[in-house]
Structure formats: C-alpha cells, structure tokens
Amino acid sequence: MRFARIVLAILLWAVVALCVSATVAPFFLDRIYYRGPVSSHFDGQRFFNPDGDALDISPARRNRLLWQQAFGDATRPAWPDKVAVAPGKPPARVEGGEMRVTWIGHASVLVQADGLNILTDPVWSETVGPFGFGPKRVAEPGVRFQDLPRIDLVLVSHNHYDHMDLPTLKRLWARDKPRIVTSLGNDAILRSAGIPSFALDWGQEIPARLCHSDVPQTGEPCGRYSMAVVSRSHHWGSRWFADRSRALWSSFVVTLPHGNFFFAGDTGLGDGKWPAEAAAHGPIRFAAIPIGAFRFDEGQMAGASHIGPQGAIQVWDGLGRPFAMPVHWGTFRLSREGYATPPVMLRGMLRCAGEDPARFGARRIGETFAVPPLGAVPRAPDYAALRACIAGGRFDALR
C-alpha cells in the first residue's frame, strides 16, 4: 500500500510539473535576438515574410511528426540507415577564373573561386537538434573536417539546427577565423557561443575577405572584388519553442569577378519574386538550390517554407537558369519523401519542361566538380508541359 501511495504521488507531481512546464517553458525558452526599427519584414518583435506567412502543417500534424521522428513511423517511405560516401579532398585554392564546388551534404556546400573559399551552412555534427537530439546523418560529410581547406567566408542562412550548427562553427572559427555572415538576430546566438559574426538585413552587403598570408598580395584592398549580399527568401527561424521568427532568415549572393554565386539557404517559394532580386546583383554563374524536405503528406509537392523540385525549377528560372546543384536532400531525414525522390523528381520535371538535367543535376556527396564559365542563358522552361506531366500523374508513384 505504501509503495502504491509513493507511485501515485510521483505520478501526481509529474502531472503537475508537466502542466506547469506547458505554461512556463514557452516564456522561459523565448529569446530576444534582435531589437531594431519596424520594417517591411519586422514588426518590432518578430520577423515575417512580406509576401505572406503560412504554416506548412497544422499543430496536430506537427506533433505527430515529432512523435514519428522520435519513435519511428512504419508508413513512411524507406530510407537507408547509411549511405556510402567517398570523402573528397578539395584543392587549397582556385584561381584564374576557375570555379570548383564540393557538396559536403545537406545545405553545406564548398565553393572555391577567384582565390576565395566559401562555405554555406556548415554542419559536421552527427545529429541536428537541441542537446544532441534530432535527425541523424545517413551520409557522412563529403569532406573530412581536417581535409577542409582554409575557409574565408561562411554563410549562415538561419538558425534552424540543420543549418546553424554551433559545434561546427566553433571549430571553424577556432581554426580559420573566417568572416561569418548571417542575417539579423542570428549574431546573438553565435555570439553566445563565442563566435563573432556580421548580421545584415535583406539587401545589405559586406566585403568578403580575400587577403590571406597564403594568397599572393596584389596591392588591392581585401574584399574589393567580392561582396557577400544578404538577400530575401521565404522561411522562418527558431531554436526552441517560443522564439519563432525572432531572428531573420535569408539567401545570399556572393559577387565574384567571373560570375556570382547564389545560395538559397532554406526556403519556400512565397511570391517567387526574390530570385530575380538576387539576380539583379549580376549574372549568377552557380546556384545551390534546395529540393528536399518538402513532403509532409502523400502527394504533396511543396510546403510553405520548403520548395520541392517544381518550386526549385521556378527559383532556378528566376535566377536566370545558371549552372546549379540541388541541395537539402539525402543527408538528414526531415519529412516524408523517399531518400531519392527529390533528385529523381527534379530530373523528370526538367525533362518534362524541355530542359537539360545536366545544368541542374544532382551530384555525389564529396564530389568536387568544375563549374563552366558564364555563357548564353538557355530558354525558359516549358511550364505548360511540366504542368501536364504533373496533372497526368507522371510523378504520382514517387513517394
């Protein structure tokens, strides 16, 4: 009897603690990352998408997804436990108008051009989430950290754990002291971890550091030839529960002498006008565009904050149809599409639209490839043909 009373007392206090935490925790976990004037995308408290905000899924569906992430879901398309990766060894520097790119995995991309080494949303951690919990890697990083060349510029698109990985950023800062550029508010999170950064609003830019002791000096000021531009995207940010949109999200343009680099970060399509805004900074030679984590229900083609392959083609078109690589797939399982569904769907949709998949095709993690020089812009995709393929069920079997 005494044991039963003890058990009941423990259960009662557990219920009380849960009830209290449900009301206290959101306020406790809220953070003020940024204070500044009201703008077209900041209301004085939180940032928002000026082209309209919408939740990807209902709160009930989101809770089910969290449960499924933690305990599994037999109805989801199968994913491999591990994917074989042959880690690459990129060169130390790339000069003379050449551009080389290595996909590290997920949204982490190494771009080398004009003596500048750029790294996007670097993640070398095994899991992405608070306190070591969260989705686990199925693919190891495409470059071992010790084989990574000296990094000059790091672009951090927003504060989600699969894009802002503090352990990796600490290692990079300790080793290379790169210039870390992000959007408003994210610098507060980085600073709390001892990582200096530059936080800019959409449309603002900062010189990218080009001068290092291992690069021959030309007598020109560092950064004269290259600027990191923070540009608009359509997304949201959060590290906890109640801090949603306390910090800004963004895409980036890095202006380069032989053609610019565009990194979309993590984004939905929104009004679809922001890619052209990025292209207005000059011709884009290479773009990294997300295609994965777009399906939360069977047959879904996109989410409010994640584009799928169809939206990625529209982004690619808005950028001027540059040489591009799809990212944000095949590393961390975040939603309900199959492992290879995003690139297979992208390839099929490009063919439906009369495009050459080689200009916007999937690459192996760890593969270093050359980006061709700027050339003639190919014709616009045939969207009518693409819509006909979708309406005709061409992609229905792809889970």
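As shown above, the structure is provided for reference.
An account of the accompanying structure is given in this report. (Residues numbered from 1 in each chain as written. Predicted model: local features only at pLDDT ≥ 70, side-chain atom pairs only at ≥ 80, totals over all residues. Heavy atoms only, no water.)

## Some details on the pairing of strand β5 (residues 179–183)
Here is step 1: Most of β5 sits out of view: 5 of its 5 residues are buried.
Here is step 2: A two-sided burial pattern is seen for β5, the buried positions comprising R179, V181 and S183 on one face and I180 and T182 on the other.
Here is step 3: Bridge count for strand β4 (residues 153–155) against β5 is 3 bridges, and the pairing is parallel. Bridging from a neighbouring strand, V154 pairs with I180 of β5.
Here is step 4: In terms of handedness, the path from β4 via helix α3 (residues 166–176) over to β5 forms a crossover that is right-handed.
Here is step 5: Note on the crossover from β5 through helix α4 (residues 186–192) to strand β6 (residues 198–200): the handedness is right-handed. (Buried < 20%, exposed > 50% of the residue type's maximum accessible area, 1.4 Å probe, protein only. Helix = DSSP H or I, 4+ residues; strand = E, 2+ residues; numbered from the N terminus. Pairing = 2+ DSSP bridges. Right-handed = clockwise from strand over helix to strand, strands pointing away.)

## With respect to the packing of helix α6 (residues 309–318) against helix α8 (residues 383–391)
Here is step 1: Two elements in contact, α6 and α8, have axes separated by 12 Å at closest approach and are oriented at 175°. What the angle tells us is that α6 and α8 run roughly antiparallel. Across the interface between the two elements, Q310, I313, Q314 and D317 from α6 touch Y383, L386 and I390 from α8.
Here is step 2: Of the residues belonging to the contact of α6 with α8, the class tally is 4 nonpolar, 2 polar and 1 charged. (Axes fitted to C-alpha atoms, helices over the stretch in contact; angles between N-to-C directions. Parallel < 35°, antiparallel > 145°, perpendicular 65-115°, else oblique. Contact = heavy atoms within 4.5 Å. Nonpolar A, V, L, I, M, F, W, Y, C, P; charged D, E, K, R; others polar.)

## Description of the side chain of D121
Here is step 1: Among the secondary structure elements, D121 is positioned in the loop between β3 (116–120) and β4.
Here is step 2: Summary of buried charges: D121 has no salt-bridge partner, and the nearest side chain of opposite charge, R239, is 10 Å away.
Here is step 3: Among the polar contacts made by the side chain of D121, one reaches the side chain of H163 at a distance of 2.7 Å.
Here is step 4: Non-local contacts of D121, meaning those with residues more than four positions away in its chain, are made with A107, S108, L155, V156, S157, H163, F263 and G265. (Lys, Arg positive; Asp, Glu negative; His and termini not counted. Salt bridge = Lys/Arg side-chain N within 4 Å of Asp/Glu carboxyl O. Polar contact = N/O pair within 3.5 Å; in protein donor to acceptor, adjacent residues only side chain to side chain.)

## Focus: the state of the cysteines
Here is step 1: According to the stated counting rule, one finds 1 disulfide in the structure shown.
Here is step 2: Across the disulfide from C352 sits C389; the S-S distance is 2.3 Å. The chirality of the disulfide connecting C352 with C389 is left-handed, given an S-S dihedral of about -100°. Separated by 37 residues along the polypeptide, C352 in helix α7 (residues 341–352) and C389 in helix α8 bring together distant segments of the chain.
Here is step 3: Given a relative accessible area of 10%, C352 falls into the buried group. (Disulfide = S-S within 2.5 Å.)

## A word on the pairing of strand β9 (residues 251–255)
Here is step 1: Judged by how many residues are buried, β9 sits mostly within the fold: 5 of 5 residues are covered.
Here is step 2: Alternating positions in β9 separate into two faces, S251, V253 and T255 on one and F252 and V254 on the other, with burial throughout.
Here is step 3: The pairing of strand β8 (residues 227–231) with β9 spans 5 bridges and is antiparallel. Within β9, the residue paired with V229 across the bridge is V253.
Here is step 4: Of the strand pairs in this sheet, β9 and strand β10 (residues 260–263) are connected by 3 bridges, and their pairing is antiparallel. Bridged to V254 within β10 is F261.
Here is step 5: The turn linking β9 back onto β10 is made up of 4 residues, and G259 within it adopts a positive phi angle of 120°.

## With respect to the pattern of salt bridges
A side chain of one charge can pair with a side chain of the opposite charge when the charged atoms of the two come close.
Here is step 1: Per the stated rule, a full pass over the model turns up 14 salt bridges.
Here is step 2: Among the ionic pairs, E98 bridges to R100, the shortest N-O distance being 3.0 Å.
Here is step 3: A salt bridge links D147 to R144; its shortest N-O distance comes to 3.6 Å.
Here is step 4: R144 sits in the partly exposed class, given a relative accessible area of 40%.

## Comments concerning α8
Here is step 1: All of the buried residues in α8 are L386, C389 and I390. The arc that holds the buried residues of α8, viewed along the axis, is 100°, so those residues lie on one side. Exposed residues on α8 whose side chains face more than 90 degrees from its buried face are R387 and A391.
Here is step 2: Residues of α8 that are buried make contact with α6 and α7. (Arc of directions from axis to C-beta.)

## Some points on unusual backbone geometry
Here is step 1: Unusually for a residue other than glycine, K177 sits at a positive phi of about 50°.
Here is step 2: Tracing the backbone through its elements, the reader meets K177 in the loop between α3 and β5.
Here is step 3: Residue classification places K177 among the partly exposed positions, given a relative accessible area of 40%.
Here is step 4: Within the chain, H328 stands out as a residue other than glycine whose phi angle is a positive 65°.
Here is step 5: Tracing the backbone through its elements, the reader meets H328 in the loop between β12 (323–327) and α7.

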